[in-house]
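What follows is each chain in one-letter form.
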Amino acid sequence: MSQIAIKSTDIITPEGIMKGIILIENGLIKSILPYDAMVDTVITDVGDSVVMAGVIDPHVHINEPGRTDWEGFNTATRAAIAGGLTTLVDMPLNSAPVTTSVAAFEEKLAAAKNQLHTNVGFWGGIIPGNTDEIEPLIKKGVLGFKAFLTHSGIDDFPNATEADLRKGMPIIAKHNLPLLVHCELTDDFKPEQWDAQSYQDYLSSRPKYWEDDAINLMIALCEEYRCRVHIVHLSSANSIAAIAKAKQKGLPLTVETGQHYLFFNAEDIADGQTQFKCAPPVREKQNNDQLWQALKDGIIDFVATDHSPAPPDLKQIGTGDFKKAWGGIASLQFALPVLWTAAKQRGCIANDIAKWLSENPAKLIGKQKSKGKIAVGYDADLVIWNPEQSFTLTEDQIQHKHKITPYLGRELYGVVKQTWLGGTKVFDNGIFTQLNLGQPILNHE
Ligand SMILES: [Zn+2]
């Protein structure tokens, strides 16, 4: 098979930024040659654009089958390659059926067929009563499991109780897969007053201690069962110390936060702006500064979008009602520029982005030996982007099914020039050059 060569002054490798030529053969990185090496193939010279391992987002709600009017495989995975995402992992909700049985998983795989423009893995779900489905779902190829400790937003995915987790965790641990947990342990707390349009009132309705209580419970269960636990979308900085302590003890605990917790602050969110509604909520600047520090310190492992779109009426666009609005932020396509824009202001460099968006998420999904790095033998899944260039996000750029996102109108740094999937260029300066090259990523032990 023919070889492909990509030349850049800024290749991000685990050893740092280097000048060189990436030689690709049969979809894999064959070697990284000196910048002025002679090669017997056509060279794609991308100048000083950054060449980085493709973005891996392990937290995406594609919602197909069943809620395809919210999002779908076709639109989500197009958005992915337009944004430099070469692998994403679909959540077991809000599709219908939810992915809590083998039958439902088979339905999802069938729905995904011929619609994958990037690589897509799948999480299974843990709900009350589905313990017997865990082993069969693993055999069928899920990469791990997701559970909620509070109402998930849809009634067909009820939250797990501690007893349900105690049944499931030994099985998941046996296979060394992760259990992803939405950590909010709700009680009957309600704010005294709640003006439906007020962001501050919405924020008060989901207190930090719900997250902190849930995280403490999951750390205890992680220790007891030695089951890999992954805390999704950490928002409360109050839990950072407990997480750091658990990690110091060597517990198999990992943590992600979301771009929106690092980009926005509650103080700046106007009333009625329901495109910002998510759970847990975007909190105040002082809290978010601590999230940044924890990310830099490695206490938070990586950043994932939690892309969770819904149609405009469900998002209450127009009424601005935070009580009724669907909680979920749409941002998949802009994972890289959003994080980079915020990171750049805090003195971070492109290597940090590679660690937070590629290298560390690859470990969660068990693909650290084939994805997430530019290294010999790794899959040639690449994003080529310009960190100095900026753009203003307009609706016509958005490939998601719905054009609602809190980043609309923002100036973002980091323009994605090209996306390569297994050694084939699939996106080139605004144009999809090759579709349908995505593969389902199934875990076969
Ligand atoms: Zn989610």
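Residues numbered from 1 in each chain as written. Predicted model: local features only at pLDDT ≥ 70, side-chain atom pairs only at ≥ 80, totals over all residues. Heavy atoms only, no water.

Peer 1: What exactly am I supposed to notice about the overall build of the chain here?
Peer 2: Scanning the chain for helices and strands turns up eleven helices and 19 strands. In terms of overall dimensions, the chain is globule-like: its C-alpha atoms have a radius of gyration of 21 Å, near the 22 Å expected for 445 residues. On the principal axes, the C-alpha backbone points of the chain span a range of 70 × 45 × 45 Å. A buried classification covers 61% of the 445 residues belonging to the chain. Counting only contacts in the chain whose residues sit at least 6 apart along the sequence, the fraction spanning at least 24 positions is 74%. A total accessible area of about 16500 Å² is found for the chain, and carbon and sulfur atoms account for 49% of it. Distance between charge centroids for the chain: 3 Å, based on 41 positive and 53 negative side chains. (Helix = DSSP H or I, 4+ residues; strand = E, 2+ residues; numbered from the N terminus. Rg over C-alpha atoms; globule rule 2.2 N^0.38 Å. Buried < 20%, exposed > 50% of the residue type's maximum accessible area, 1.4 Å probe, protein only. Contact = heavy atoms within 4.5 Å. Areas by Shrake-Rupley, 256 points an atom, 1.4 Å probe, with all protein chains shown as cover. Lys, Arg positive; Asp, Glu negative; His and termini not counted. Charge placed at Lys NZ, Arg CZ, Asp CG, Glu CD.)

Peer 1: Explain the domain arrangement of the chain to me, please; I cannot follow it from the model alone.
Peer 2: Quite often, the size of an interface is put as the accessible area lost when its parts meet. Domain annotation for the chain reports domain 1 (3-50 + 379-392 + 410-434) and domain 2 (55-364). With centres defined by C-alpha atoms, the gap from domain 1 to domain 2 works out at 29 Å. On the side of domain 2, 25 residues touch domain 1, which itself brings 24 residues to the contact. Summed over both sides, the interface of domain 1 with domain 2 buries roughly 1900 Å², with 73% coming from carbon and sulfur. Connecting domain 1 to domain 2 are zero salt bridges. Summed over the shared surface of domain 1 and domain 2, the number is three residue pairs in polar contact (both at pLDDT 80 or more). For the side of domain 1 that touches domain 2, the secondary structure elements donating two or more residues are β1 (3-13), β2 (16-25), β15 (382-392), β16 (411-421) and β17 (424-428). In terms of residue count, β16 provides more of the side of domain 1 that touches domain 2 than any other element does, eight residues in total. (Domains from an automatic or database assignment. Buried area = accessible area lost by both parts, 1.4 Å probe. Salt bridge = Lys/Arg side-chain N within 4 Å of Asp/Glu carboxyl O. Polar contact = N/O pair within 3.5 Å; in protein donor to acceptor, adjacent residues only side chain to side chain.)

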